[in-house]
Amino acid sequence: MSVTTTDSDTDTDTDCETVDAVVIGGGAAGLNGALMLARSRRSVTVIDSGTPRNAPAEGVHGLLGLEGVAPAELLRRGREEVRRYGGRVVTGEVTAALPVGSTAPAAPAAEGDPRFAVTLADGGVLRARRLLVATGARDVLPDVPGLARHWGHGVVHCPYCHGWEVRDEPIGILAVGPASVHHALLFRQLTDDLVYFTRETDLDQDTRARFAARGIRVVDTPTAAIEAAEAAEGGGIAGVRLADGRFVPRRVLAVMTTLWVRADGLGGLNLPMRDLPGGMGRHFATGPAGTTDVRGVWVAGNAADLTAQVGASAAAGALAGAHINADLAGADTDAALAGWEQSARAA
């Protein structure tokens, strides 16, 4: 069965032969893992859903040599580089990933050279010796009316990804819990005009004193809605409407999101999960270099580390790719030795 795609920037089909590795996720982690494998002369196919987490952002920041590059351009270059070394990239969504022969959630595979079947939404099936899961994560925003429409522009979450671009603006912190206190201190480095909206979360007296010392204003009145500026004023955020009717002008809002690993279609692998404290998210549990408890499966990027920026995700993908190649090299040698010994006995 062939896998067909409609994206002109991807390969048009891929055969049902068993490849050395299938990479699930075509972001920075997945593409860099695929690049390492392809450069090691491994057959590798990347499955890309085309929905990167950072799509709303105008640029990627903190990435040496590529500071400010548009997310779509970075991925375009990455796909081109993977193809340059013989790797393949197909557009699709994974609906199932299972060890070959399994029809139910799998226990960790036995030692040896495992095989996997990856089924796509269009019915296509790919078979692989190893899997690299690099599906990333989803940001879930607090349920505040008017907030989501500004995500990635007037609403930001990371002081390192977006801080320079919003420096000196009137910034508001929408608290979601204790971690928002640290968030506020980081954004205070970027502006002298910072307001902390507690949103009915606890804020002890010691923290209030620390905020006062840094000139951070605290608003305890519940938040009712985020209001947009008029088009004539440049659009974007105008400020925060409080439950008592008062209005606090702000041009930027910073909020910590809840992060959930993208695990659709991967339940059959039975990969262990790990929760962040305070219910702030969930990701796949991994060991060194992205190893998992499931033989033959590695995880990299935000799927394993929810706080990783693009550079860290790419580095994790590269490391996982190198370890997958080393694991395959060992399996290839074991198979060659077994064949050599069998031939020797037959002689």
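Residues numbered from 1 in each chain as written. Predicted model: local features only at pLDDT ≥ 70, side-chain atom pairs only at ≥ 80, totals over all residues. Heavy atoms only, no water.

1. Here we look at the nonpolar core
What counts here: Throughout this description, the term nonpolar core refers to a set of buried Ala, Val, Leu, Ile, Met, Phe, Trp, Tyr and Cys residues connected via side-chain atoms within 4.5 Å. Per-residue accessibility, obtained with a 1.4 Å probe over protein chains only, is compared with the maximum for each type, and a residue is labelled buried under 20%, exposed over 50%, and partly exposed between these values. We count a stretch as a helix when DSSP gives it H or I for four or more residues in a row; a strand needs E for two or more, and each element gets its number in order from the N terminus. The contact criterion used throughout is that any non-hydrogen atoms of two residues lie within 4.5 Å.
One finds Val 22, Leu 131 and Leu 269 to be the most contacted residues of the largest nonpolar core, which totals 24 residues. If one sorts the elements of this core by residue count, strand E6 (residues 125-133) sits on top with four residues. Filtering out sequence-adjacent residues up to four positions away, Leu 131 remains in contact with Val 22, Ala 97, Phe 116, Val 118, Leu 269, Gly 296, Val 297, Trp 298 and Ile 324. Grouped together as the second largest cluster of nonpolar side chains are 20 residues, Val 23, Ala 34, Val 82 and Trp 298 included.

2. A word on the environment of Ala 134
Structurally, the position occupied by Ala 134 is in the loop between E6 and strand E7 (137-140). Look at Ala 134 and you get buried, because its relative accessible area is 9%. Here the alpha-carbon distance between Ala 134 and Ala 97, two residues 37 residues apart in the chain, equals 13 Å.

3. Considering the layout of surface pockets
The test is simple: Only protein atoms enter the 1 Å grid, on which a cavity is a set of points fitting a 1.4 Å probe that cannot get out and a pocket is an open set with protein on both sides within 12 Å along at least 5 of 7 lines, lining residues being those with an atom within 4 Å of a point. Grid points are joined across faces, edges and corners, and a volume is the space filled by probe spheres set on the points. Residues are grouped as follows: Ala, Val, Leu, Ile, Met, Phe, Trp, Tyr, Cys and Pro are nonpolar; Asp, Glu, Lys and Arg are charged; every other residue, Gly included, is polar.
Taken as a whole, the second largest pocket spans an internal volume of roughly 370 Å³. Glu 58, Gly 152, His 153, Glu 165 and Val 166 are the residues nearest the centre of the second largest pocket, which is lined by 19 residues in total. For the lining of the second largest pocket, the residue count by class is six nonpolar, nine polar and four charged.

4. Some points on the side chain of Thr 292
Definition in use: By the criterion applied in these results, polar contacts are pairs of N or O atoms within 3.5 Å in which, for protein atoms, one can donate a hydrogen and the other can accept it, and in which residues neighboring in sequence qualify only through two side-chain atoms.
Relative to the elements of secondary structure, Thr 292 occurs in the loop between strand E18 (281-284) and strand E19 (297-299). Judged by its relative accessible area of 16%, Thr 292 is buried. A polar contact is formed between the side chain of Thr 292 and the backbone nitrogen of Val 294, at a distance of 3.1 Å. Within the local environment of Thr 292, its side chain forms a polar contact with the backbone oxygen of Val 297, the two atoms lying 2.8 Å apart. Beyond its immediate chain neighbours, meaning those up to four positions away, Thr 292 contacts Leu 271, Ala 285, Thr 286, Val 297, Trp 298 and Val 299.

5. Let's talk about the confidence of the model for the chain
Applied cut-off: Values of pLDDT, the confidence the predictor places in each residue, fall between 0 and 100.
Scored by pLDDT, the chain comes out at a mean of 90, with 92% of its residues at no less than 70. A low-confidence stretch, residues 1-15 stays under pLDDT 50, and its non-local contacts, those more than four residues away or across chains, total 43 contacts.

6. Let's talk about the pairing of E6
Inclusion rule: Being paired, for any two strands, means DSSP has found at least two bridges between them.
When you tally the buried positions in E6, you get eight out of nine residues, the bulk of the element. As judged from the six bridges shared by strand E1 (residues 18-24) and E6, these two strands associate in the parallel manner. Pairing of Val 19 across the sheet is with Ala 128, part of E6. When strand E5 (residues 116-120) meets E6, the two strands line up antiparallel, connected through four bridges. When the bridges of E6 are listed, Val 118 appears paired with Leu 126.

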